[in-house]
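# Structural overview for review
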Amino acid sequence: MEKAKKNHYFNDEDENALSLYLREINTIELLSREEEDSLARRARAGDEDAKNRLLQANLRFVVNVAKKFQNQGLPLADLISEGNIGMIHAIERFNPDQGFHFISYAVWWIRQAIMKALGEKSRSIRLPQNRANELVQIEKARKIFLATNNKEPTAENIADLVGLEPALIQSLLNTSRGVASLDSPASSETESNSTLGEFITDSRYTSPESELEQSELHQQINKLLATLPAKEAKVLEMRFGLNNHRAQSLKEVGEYFNLTKERIRQIEKKALQRLAKPANKADLAIFVA
């Protein structure tokens, strides 16, 4: 059985290697029902050669099952490998006395092994097995709806097909979305060495250029405020949230100065008129260009 694992637990994603593997297993003769029953009984008794023959004779069936799970996050070669592992588990547990055809029993183990791999290896967030199975159902329903209606289904559309809650469906779909590496090439169509991370801004931090610009703008605004009477400068600070102030309403500023809203409006208007000189506009033009 160890020999079978080494020969047929296929890991190579190279297309030529996969083609060679498929050609190889297509040359293996299929078993008659009598041969299968005899091998299954010998395998149950611990005969390793019988286990290997039973495995090899059914490798084509694993490929057929694996193809049904393509385009869900793992390459076909990996799906075949996982299906082969499921086949090995089936051989270890199959009881021919129950009267089942071996492949009817093995298909459950093959599908479970593949779905488990899809749940654990095809996404960065690992899903429990029951959720991974539900996600497979959701993906099948999505494809059916898309083929029938020529448009992507909503969570509600899928819910009608699989009998799950729309909120759960949306959650599973969000979880299953692929995660791109920041080291991935920015484009496959150019010869540039640029990576995806070079084009994504980290919004948690301010760039040095922005910090410098904000500092210069802060200094220039305070320079202009210094040309105003103290009350007018304070009103503008409070009204527009300058110098770490919170932008406040006319009523709030009026309460601070013990003045009416209309009086604060007049002070604000007068201060802005003072600042509207051409020279002052020129000083600030660079920051709004």
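Scoring rules and cut-offs
- Residues numbered from 1 in each chain as written.
- Predicted model: local features only at pLDDT ≥ 70, side-chain atom pairs only at ≥ 80, totals over all residues.
- Heavy atoms only, no water.
- Helix = DSSP H or I, 4+ residues; strand = E, 2+ residues; numbered from the N terminus.
- Polar contact = N/O pair within 3.5 Å; in protein donor to acceptor, adjacent residues only side chain to side chain.
- Phe/Tyr/Trp six-rings, centres within 6.5 Å; stacked < 30°, edge-to-face > 60°.
- Buried < 20%, exposed > 50% of the residue type's maximum accessible area, 1.4 Å probe, protein only.
- Core = buried A, V, L, I, M, F, W, Y, C linked by side-chain atoms within 4.5 Å.
- Contact = heavy atoms within 4.5 Å.
- pLDDT = per-residue confidence, 0-100.

### Quick word on the side chain of E36
Within the secondary structure, E36 sits in helix α3 (residues 33-44). Within the structure, the side chain of E36 is placed 3.0 Å from the backbone nitrogen of F102, a separation counted as a polar contact.

### Things to note about the packing of aromatic side chains
All chains considered together, the criterion is met by 4 aromatic pairs. Centroid distance W108 to W109: 5.3 Å. Interplanar angle 85°. Geometry classified as edge-to-face. For the ring pair Y256 and F257, a centre distance of 5.0 Å and an interplane angle of 85° mean the geometry is edge-to-face. In this structure Y256 comes out as exposed when scored by relative accessible area, which is 53%. Linked through ring pairs, F94, F102 and Y105 together constitute an aromatic cluster.

### Side note on the nonpolar core
With 33 residues, the main nonpolar core has F69, M87, F102 and I114 as its most contacted residues. Among the elements of the structure, α2 (15-25), α3, α4 (48-57), α5 (59-67), α6 (76-93) and α7 (102-121) are those that each provide at least two residues to this core. The element that contributes the greatest number of residues to this core is α7, accounting for 8 residues. Residues in contact with F102, not counting those within four places in the same chain, are E36, L54, N58, M87, A90, I91 and F94.

### Details of unusual backbone geometry
Phi angles above zero are rare outside glycine, and N258 is one such case at about 60°. For N258, the position within the fold is in the loop between α13 (250-257) and α14 (261-275). The class of N258 is exposed, set by a relative accessible area of 69%.

### Some thoughts on the confidence of the model for the chain
Looking at the chain, the pLDDT average stands at 77 and 72% of residues meet or exceed 70. For residues 2-13, every residue scores under 50 in pLDDT, and the model assigns this stretch 27 contacts once sequence neighbours within four places are set aside. This stretch, residues 187-191, has a pLDDT under 50; its non-local contacts, to residues over four places away or in other chains, come to 0 contacts.

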